[in-house]
Amino acid sequence: MQECILFLITTSLSCAALYDRPHIIFILADDLGWNDVGFHGSDQIPTPNIDVLAYNGVILNSHYVQPSCTPTRAALMTGRYPIHTGMQGNSLLAAEPRGLPPGKILPQYLKDLGYITRAVGKWHLGFYKKEVTPTYRGFDSYMGNWNGYVSYFDYILQEHYSDGEYNGFDLRRNLSTAWDLSGHYATDVYTDEAVRIIQSHDASPLGPPLFLYLAHLAVHSGNRGKLLEAPQAEIDKFKHISDPNRRTYAAMVSKLDESVGRVVQALQRRHMLENSIIVFLSDNGAPTKGRYPNWGSNWPLKGVKETLWEGSVRSVGLIWSPLLQQTPRVSNQLMHVTDWLPTLYSAAGGHVGHLRHDLDGVDQWDVLVYNLASRRTEMLLNIDERARTAAIRYHNWKLIIGSIRNGALDGYFGDDGKETSYPGYNESSVVHSLAGRAIIAASSSVYINPTRAHQIPYIRSSATIPCPSRNSFANIPCAKEELCLYDIDNDPCESNNLAQTHVNVALHLRSLLVRQRSTLVKQYNLAPEAKEADPKRWNNTWSPWIHDGCALYEEKDTYFNVCDRTKPI
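No experiment lies behind these values; they were computed from the predicted model shown. Along each chain, residue indices are assigned from 1 in the same order as the chain's sequence is written. Totals for whole chains, interfaces and linings use all residues, but because this is a predicted model, local features are given only for residues with pLDDT of at least 70 and pairs of side-chain atoms are given and counted only at 80 or more. Side-chain descriptors were evaluated using all non-hydrogen atoms of the structure, hydrogens and water having been removed beforehand.

Caption draft 1: Here's a closer look at the overall build of the protein. Scanning the protein from terminus to terminus reveals 15 helices and 22 strands. A compact globule built from 569 residues should have a C-alpha radius of gyration of about 25 Å, and the protein, at 23 Å, falls within 12% of that. With 569 residues in all, the protein has 61% of them scored as buried. We call two residues contacting when some pair of their heavy atoms lies within 4.5 Å. Residue pairs at least 24 apart in sequence account for 72% of intrachain contacts in the protein once pairs closer than 6 positions are excluded. A run of DSSP states H or I qualifies as a helix once it reaches four residues; a run of E qualifies as a strand once it reaches two. Both are numbered from the N-terminal end. A radius of gyration in this sense is built from C-alpha atoms; the matching globule rule multiplies 2.2 Å by the number of residues raised to 0.38. Categorising residues by exposure relies on relative accessible area from a 1.4 Å probe, with only protein chains included: less than 20% of the type maximum marks a residue as buried, more than 50% marks it as exposed, and the intermediate range marks it as partly exposed.

The following block contains the structure:
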C-alpha cells in the first residue's frame, strides 16, 4: 500500500515537473533600429508596450546578433555561430536551393521537454524542399512568409535575377497557401495568429507549456517601388516627422509595438503571463541606407545592417519574466544570439549537458535571473571569408577587419529622436499601455511590484548610450586588411581606432579570429534556380521545387513529383 502511495506521489511530482514550466514567447523584430524604441532615449516614435516590458524586466544593452537576417535566425535556432553551419554569408534568396542544415534545433529541444511549439511570421531559413520548412524542423504549426520579405498587404515577393524579375505570393499555413489573408496588413495578421494560438492553448495546470516564436516581418522594407507600408490612419499619427519615409517607418514600428501589447494582454487574460518568459529582440540593426533601406535609426551607434559596426550587430533586446530577480535593471553583460538555445532550455528545466557538445551559445539563465557576471568574455561577431570581413569581442575590446561596399555604410546615420518639435516622452502612457495594464493585473498573483511612472526616467537614462556629437566622430573605415580596434565600454560609438596605440591587444584579438577561422565551414550560398523555382510554375506562389532529388509541380495546391506523376506528395 505504501509503495502504491509512493508511486502515485512520484508520478504526480513527475507530471508537475513536466508541466510546471514557463511559457516562452520569443518576439523577433526585423531590422529595427537601436534608436527606434523609447527606452533607448528617443522621443520620436512612442513604443509604450515594448518599453513597459523593458522597464519591468532586464534591458539587454550588450546583446549581439549577426549582421543580417538569415545568419541571425540560423544562430538562434542552432545555438551555433553561422561559420559552423555555413550560414555566415548573404541571406537566402527565394530561388536558392539552400536551407538551414540538418540537425536538432531550438523547437525540437523544447519539444523534448513537453512544449507545444508554434511559429508565426518570417522564416527565412529555406523552403526549396518541404523538409527545411518550419513544421519539418520542430514546430507543431506555422503561419507566415518563408522568404526574407514580402509586401505588407499583398504578400508578393519580387526577386530580380540575371534573366529578369520573378513575382510570387508567399504566405502559408503550414504548407498550404493562405490566399484568404491577402489584403490584410502583415503585422496585424501575425498578431491575430499569435493571439489565437494563446487563446486556444490548454492553459490548465496540467496543460503543456507553450513556445511561441513570433518573428515579425516588421520593420523590414518591402519590394522596390513600395519599400514601406502601413495603414494610413497609423501614418497620420506621426505628422511631427517631416520625412515621409521616416513617417511611414514610424507607423510600422507603432504597429509592431501594438502587436507586443496585444500578445501580452492575451497571455494575461489566459492567466499564462504569471508563468511566462518574454524575449524581444531585433535580428540586426536598421538599414538606414543601402539596397533595401527602411529609414530606421541606429543613432548614436555606427553603421547599418550588413556591416560589423555596433549599429548592425548590437541589437535592441530585453527579457521580461516574473522569474527574474533584481528587476528592473539595465544589463551590460555580454550576450550573443546563440546563447538563447541553451538559456531557454535551461529556463525550461532542461539540463544543458543533454545538448550537443559543440554549441557556441552558453547558458545565461542564472546570469539573467540573479544579475550575475556574464558567462561570456569572448564572442565571434562574424567571419565572412568571401567578403573578407571579420569582427570579434573580447572583454571590453572589439576588433574589426575589412569593410563592405567601399566603406559607404561605415558612417553614422539616422535621426537622434530628440528634436524639440517631437512630443515629450510620456511615462504615464507606458505604464497604462496594453502590456502595462496586463502586468499590473498579473502582479498580485506573482508578488511583483510593477515599475511606476516616476521610476522610468532613471531606467531610461541608464539604457541610453552617451556618445560625442556627430561632428566629432572620426569616421575611419577598416579598409582591406587594416585592423580597427575599439574599447567598446568607453567608446561604444567606435569613434577612436586604438589599433596603433594598443598593438598587442589588436594582435591578440586577431589571433582569436585566426583560431575561429580554423573551424570555419565554407559558406554555401548557391546560384538561384530561377527557372525551377519560378512562381509561374507553382500557381504564382513561391513553393518548394525539389522532392527526393526531383523537381515538383503543383495542381490545385497538391504537389506531384515529376519522377512519378501519379502519386501526390
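There is more to say after this.
Caption draft 2: Structural detail: the sheet that holds strand S17 (residues 397–401). Strand order across the open sheet formed by four strands is S15-S16-S17-S18, with antiparallel pairing between neighbours. A strand with exactly one partner marks an edge of an open sheet, and here the two such strands are strand S15 (378–384) and strand S18 (483–487). Ignoring which end each strand starts from, the neighbouring axes of this sheet average 10° apart. Axis geometry follows a simple rule: fit a line to the C-alpha atoms, using only the stretch in contact for helices, then measure angles between N-to-C directions, giving values from 0 to 180 degrees. Together, S15, strand S16 (389–394), S17 and S18 form the strand contacts of helix H14 (residues 503–517), whose direction differs from that of S17 by roughly 65°. For two strands to count as paired, DSSP must find a minimum of two bridges between them.

Caption draft 3: Structural view of the packing of helix H2 (residues 48–56) against helix H7 (residues 244–269). Interaxial distance between H2 and H7 falls to 7 Å at its minimum, and their mutual angle equals 60°. With respect to each other, H2 and H7 are oriented oblique. Contacts between H2 and H7 pair Pro 48, Asn 49, Ile 50 and Leu 53 from the former with Asp 257, Glu 258, Val 260, Gly 261 and Val 264 from the latter. Just so you know how the angles are binned, under 35 degrees is roughly parallel, over 145 roughly antiparallel, 65 to 115 roughly perpendicular, and the rest oblique.

Caption draft 4: How the structure looks around the state of the cysteines. Cysteine sulfur pairs qualify as disulfides if the two atoms are within 2.5 Å. With the rule as written, the count across this model stands at one disulfide. A sulfur-sulfur separation of 1.7 Å characterises the disulfide bridge that pairs Cys 467 with Cys 493. Looking down the S-S bond of the Cys 467 and Cys 493 bridge, the torsion is 85°, so its handedness is right-handed. Of this pair, Cys 467 sits in the loop between helix H13 (456–462) and S18 while Cys 493 sits in the loop between S18 and H14, and the two are 26 residues apart along the sequence. A relative accessible area of 0% places Cys 493 in the buried class.

Caption draft 5: Here's a closer look at the environment of Leu 409. By secondary structure assignment, the location of Leu 409 is in the loop between S17 and helix H11 (427–431). In this structure Leu 409 comes out as buried when scored by relative accessible area, which is 3%. For the pair Leu 409 and Ala 29, spaced 380 residues apart in sequence, the C-alpha to C-alpha distance is 22 Å.

Caption draft 6: Structural context of unusual backbone geometry. Ala 218 connects to Val 219 through a cis peptide bond whose omega is 10°. One can find Val 219 in the loop between strand S10 (210–215) and helix H6 (232–235). Positive phi outside glycine occurs at Asp 31, with the angle close to 65°. Tracing the backbone through its elements, the reader meets Asp 31 in the loop between strand S1 (23–29) and H2. With relative accessibility at 0%, the residue Asp 31 sits in the buried group. A positive phi is found at Asn 540, a non-glycine position, where the angle reads about 60°. Following the sequence through the fold, Asn 540 ends up in the loop between helix H15 (530–533) and strand S19 (546–547). Judged by its relative accessible area of 43%, Asn 540 is partly exposed.

Caption draft 7: Structural view of the pairing of strand S7 (residues 164–169). Pairing analysis gives six bridges linking strand S6 (residues 156–161) to S7, with the strands arranged antiparallel. Paired with Leu 157 across the strands is Gly 168, a residue of S7. Joining the antiparallel neighbours S6 and S7 is a turn of two residues.

Caption draft 8: Quick look at the nonpolar core. Formed by 130 residues in total, the largest nonpolar core has its most connected members in Phe 26, Leu 32, Tyr 213, Phe 280, Ile 319 and Trp 340. Element by element, the count of residues in this core is highest for H7, at eleven residues. The contact partners of Phe 26, leaving out residues within four places of it in the chain, are Leu 76, Phe 211, Leu 212, Tyr 213, Leu 214, Val 279, Leu 281, Trp 340 and Leu 344. In terms of nonpolar packing, the next biggest core, distinct from the first, is built from 30 residues, Leu 399, Ile 400, Ala 499 and Leu 512 among them. Among the buried residues, those of types Ala, Val, Leu, Ile, Met, Phe, Trp, Tyr and Cys that are joined through side-chain atoms within 4.5 Å form a nonpolar core.

Caption draft 9: Spatial organisation of the sheet that holds strand S13 (residues 329–331). Read from one edge of the open sheet, ten strands run S9-S8-S5-S4-S10-S1-S11-S12-S2-S13, paired in mixed fashion. Unpaired on one side and paired on the other, strand S9 (176–177) and S13 mark the two borders of the sheet. Here strand S11 (residues 276–282) runs beside strand S12 (residues 317–320); their pairing, made up of four bridges, is antiparallel. Across the sheet, the residue bridging to Val 279 is Ile 319, located in S12. Where helix H9 (residues 340–347) meets the sheet, its contacts fall on S1, strand S2 (58–60), S11 and S12, and the angle it forms with S11 comes to roughly 170°.

Caption draft 10: Here's a closer look at the pattern of salt bridges. Salt bridges are counted wherever a side-chain nitrogen of Lys or Arg sits within 4 Å of a carboxyl oxygen of Asp or Glu. One pass over the full model with this rule turns up 30 salt bridges. Where Arg 80 meets Asp 358, a salt bridge forms, and the shortest distance between an N and an O atom there is 3.2 Å. One end of the pair, Arg 80, is in the loop between helix H3 (69–78) and helix H4 (106–112); the other, Asp 358, is in the loop between H9 and helix H10 (365–370), with 278 residues separating them in the sequence. Given the relative accessible area of 14%, Arg 80 is considered buried. Residue Arg 173 is joined to Asp 180 by a salt bridge in which the shortest nitrogen-to-oxygen separation is 2.8 Å. When its relative accessible area of 49% is taken as the criterion, Asp 180 is described as partly exposed. Salt bridges here are not isolated pairs; linked through shared partners, they connect Asp 30, Arg 73, Lys 122 and Asp 283.

Caption draft 11: Representation of helix H5 (residues 186–200) within the structure. What a helix should span is 1.5 Å times the count of its residues minus one. Along its 15 residues, H5 runs 21 Å from first to last C-alpha, staying within 8% of the 21 Å computed at 1.5 Å per residue. Buried residues of H5: Ala 186, Thr 187, Val 189, Tyr 190, Thr 191, Glu 193, Ala 194, Val 195, Ile 197 and Ile 198, and no others. The inward-facing, buried residues of H5 abut strand S4 (116–121), strand S5 (141–144), S10 and H7.

Caption draft 12: Structural view of the side chain of Thr 70. You can see Thr 70 is positioned in helix H3. Definition of a polar contact: a pair of N or O atoms within 3.5 Å, with one able to donate and the other able to accept a hydrogen when the atoms are protein atoms, and with sequence-neighbouring residues admitted only if both atoms are side-chain atoms. Among the polar contacts made by the side chain of Thr 70, one reaches the main-chain carbonyl oxygen of His 124 at a distance of 3.1 Å. Look past the residues within four positions of Thr 70 in its chain and what remains in contact with it is Met 87, Ser 91, Leu 92, His 124 and Leu 125.

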